[in-house]
Amino acid sequence: MKRALLLLMAGLTLALTGSPLLAGEGHDHGDAPAASNANGPQRQPDGSVFLPKPAQRQLGVRTLAAVAGELPRTVELNGRVLMDPNAGGKVQAVVAGRIEPGPKGLPDAGQAVRKGEVLAWVLPTAAPIERSNQAAQLAELRAGLALANKRVARLKELADTVPRKDIEAAESEAASFAARAGAVGAGLSSRDALVAPVSGVIAAANVVAGQVVDARELVFEIVDPSRLRIEALAFDAALASDVGGATLALGNERVPLVFIGAARSLREQALPMSFRAEGAVLSKLAVGQPVRVFVQTKQKVKGIALPVVSLMKNPANQTIVWVKTDAERFAPRTVTTEPLDGVNVAVTSGLEPGDRVATQGATLINQVR
């Protein structure tokens with residue numbers, strides 16, 4: 001009875017003092033209460049993110065005030081980079097033959113060349129019987145030339161008794177033999193020069209020294225990297241008459257395009273549309289590279305222009321943006337968008353004018369849990 005009373009008093013004392021029970025030495029299990037950092041970035045129960053000011057500076061978070069306006073309705077098309085026919089060209093072999101390096105050797109892809117520069121030589125090849133016939137014809141012409149020269153010399157010695165017209169006829173015959181022999185001889189030893197038609201950069205080099213090529217075979221391709229053509233395929237033929245502008249997105253850069261015109265015949269059930277692009281930024285493109293072309297029509301749509309980097313995805317795969325609702329709080333907003341120019345998009349619903357949307361660091365905010 002006395003022992004039970006002592007245990008009851010000890011329990012009451014412990015309950016009143018609030019001291020935890022400690023296990024004896026060597027009998028604890030290493031359990032310790034987890035420390036929580038209430039001042040660090042964390043996701044709130046309502047889906048918003050608490051992001052302190054130091055964390056915002058560390059993550060490089062930047063916001064942009066939403067401004068509503070009339071934006072052009074834009075259509076995104078698949079395009080392809082082409083050579084500008086006025087600033088590029090192809091070098092083809094006119095005759096079949098063997099490739100020989102030019103004065104500076106064979107050019108490599110990416111090498112700059114100037115108009116009129118000799119890139120390579122083509123040594124014509126012919127069948128042995130053809131060369132034999134040409135050699136026999138050359139020998140016959142040279143023999144005829146020798147006889148004609150002797151006849152001219154004899155007639156000149158008899159100039160006092162021979163009419164002048166006979167001497168002139170003999171001289172003309174000798175000149176004819178000389179010209180024909182020179183033409184046949186040049187044909188046997190001549191070589192065709194492959195000359196750069198324009199100034200630019202070698203886009204493709206398809207030969208090596210000693211290679212045998214056929215007539216009309218493509219040997220070199222030259223382009224001007226600062227002047228290119230963009231071809232886009234539109235499945236709506238009415239789009240060609242409703243073009244207000246066009247852009248091409250290269251990463252975070254926006255390249256304006258000039259609409260040239262549209263074809264009048266379909267290709268693979270689509271209408272080819274041609275655009276012209278200029279500028280040093282085009283050096284990042286290659287001929288034949290697929291690109292995205294954003295064609296702004298003359299129609300307008302009400303919306304808010306935002307950078308594409310502001311758009312995120314939530315767990316439900318919905319498009320969202322992070323809006324700064326407080327100094328240290330960001331809330332997700334589900335939005336609907338339309339393409340604008342490749343760098344920006346038009347938000348048509350989900351935002352109000354004046355909302356501050358995270359444009360930098362939105363990806364890091366979206367990862368806070």
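The model shown is predicted, which means the values in this text are computed figures rather than measured ones. (Residues numbered from 1 in each chain as written. Predicted model: local features only at pLDDT ≥ 70, side-chain atom pairs only at ≥ 80, totals over all residues. Heavy atoms only, no water.)

Asker: Mind showing me how you'd approach the overall build of the protein here?
Answerer: Helix and strand counts for the protein come out as five helices and 23 strands. Taking the intrachain contacts of the protein between residues at least 6 apart in sequence as the baseline, contacts between residues at least 24 apart amount to 73%. Accessible area of the protein: about 22200 Å², with a carbon and sulfur share of 54%. (Helix = DSSP H or I, 4+ residues; strand = E, 2+ residues; numbered from the N terminus. Contact = heavy atoms within 4.5 Å. Areas by Shrake-Rupley, 256 points an atom, 1.4 Å probe, with all protein chains shown as cover.)

Asker: Please clarify how the pattern of salt bridges should be interpreted in this entry.
Answerer: Pairs can form between side chains of opposite charge once their charged atoms are near each other. Summed over the entire model, instances satisfying the criterion amount to 13 salt bridges. One connected set of salt bridges, linked through shared partners, spans Arg80, Glu231 and Arg267. (Salt bridge = Lys/Arg side-chain N within 4 Å of Asp/Glu carboxyl O.)

Asker: Would you take a moment to explain the sheet that holds strand β12 (residues 218-223) for this structure?
Answerer: Neighbouring strands of a sheet are bound in pairs by backbone hydrogen bonds; such pairs are parallel or else antiparallel. Across the sheet, four strands lie side by side as β5-β12-β10-β7; this open sheet has antiparallel pairing. Each edge of the open sheet carries a strand with a single partner, namely β5 (89-92) and β7 (112-113). Relative to β12, strand β10 (residues 200-205) is paired through four bridges, and the arrangement is antiparallel. Bridging across to β12, Val201 finds its partner in Val223. (Pairing = 2+ DSSP bridges.)

Asker: Just checking my understanding: could you explain the sheet that holds strand β6 (residues 97-101) for this structure?
Answerer: If you walk across this open sheet you meet the four strands as β9-β8-β6-β11, and the pairing is antiparallel. Each of the sheet's edge strands pairs with one partner strand only, and the pair in question is β9 (192-195) and β11 (212-213). Note that β6 and strand β8 (residues 118-124) share five bridges and pair antiparallel. Paired with Pro101 across the bridge in β8 is Ala120.

Asker: Looking at this model, I keep getting lost on the environment of Ala327. Mind explaining?
Answerer: Relative to the helices and strands, Ala327 is located in the loop between β19 (319-326) and β20 (329-334). Its relative accessible area of 39% is what places Ala327 among the partly exposed residues. Not counting residues up to four positions away in its chain, the partners in contact with Ala327 are Lys53 and Gln56. (Buried < 20%, exposed > 50% of the residue type's maximum accessible area, 1.4 Å probe, protein only.)

Asker: What am I meant to see in the pairing of strand β22 (residues 344-349) here?
Answerer: A regular strand places its side chains so that they alternate between the two faces of the sheet. Pairing of strand β17 (residues 290-307) with β22, which is carried by four bridges, proceeds in the antiparallel orientation. Along β22, the bridge assignment pairs Ile304 with Val347. Inspection of the sheet shows strand β21 (residues 336-339) paired to β22 by four bridges, in the antiparallel sense. Within β22, the residue paired with Glu338 across the bridge is Ala346. Between β21 and β22, which pair antiparallel one after the other, the connecting turn spans four residues, and Gly342 there sits at a positive phi close to 95°.

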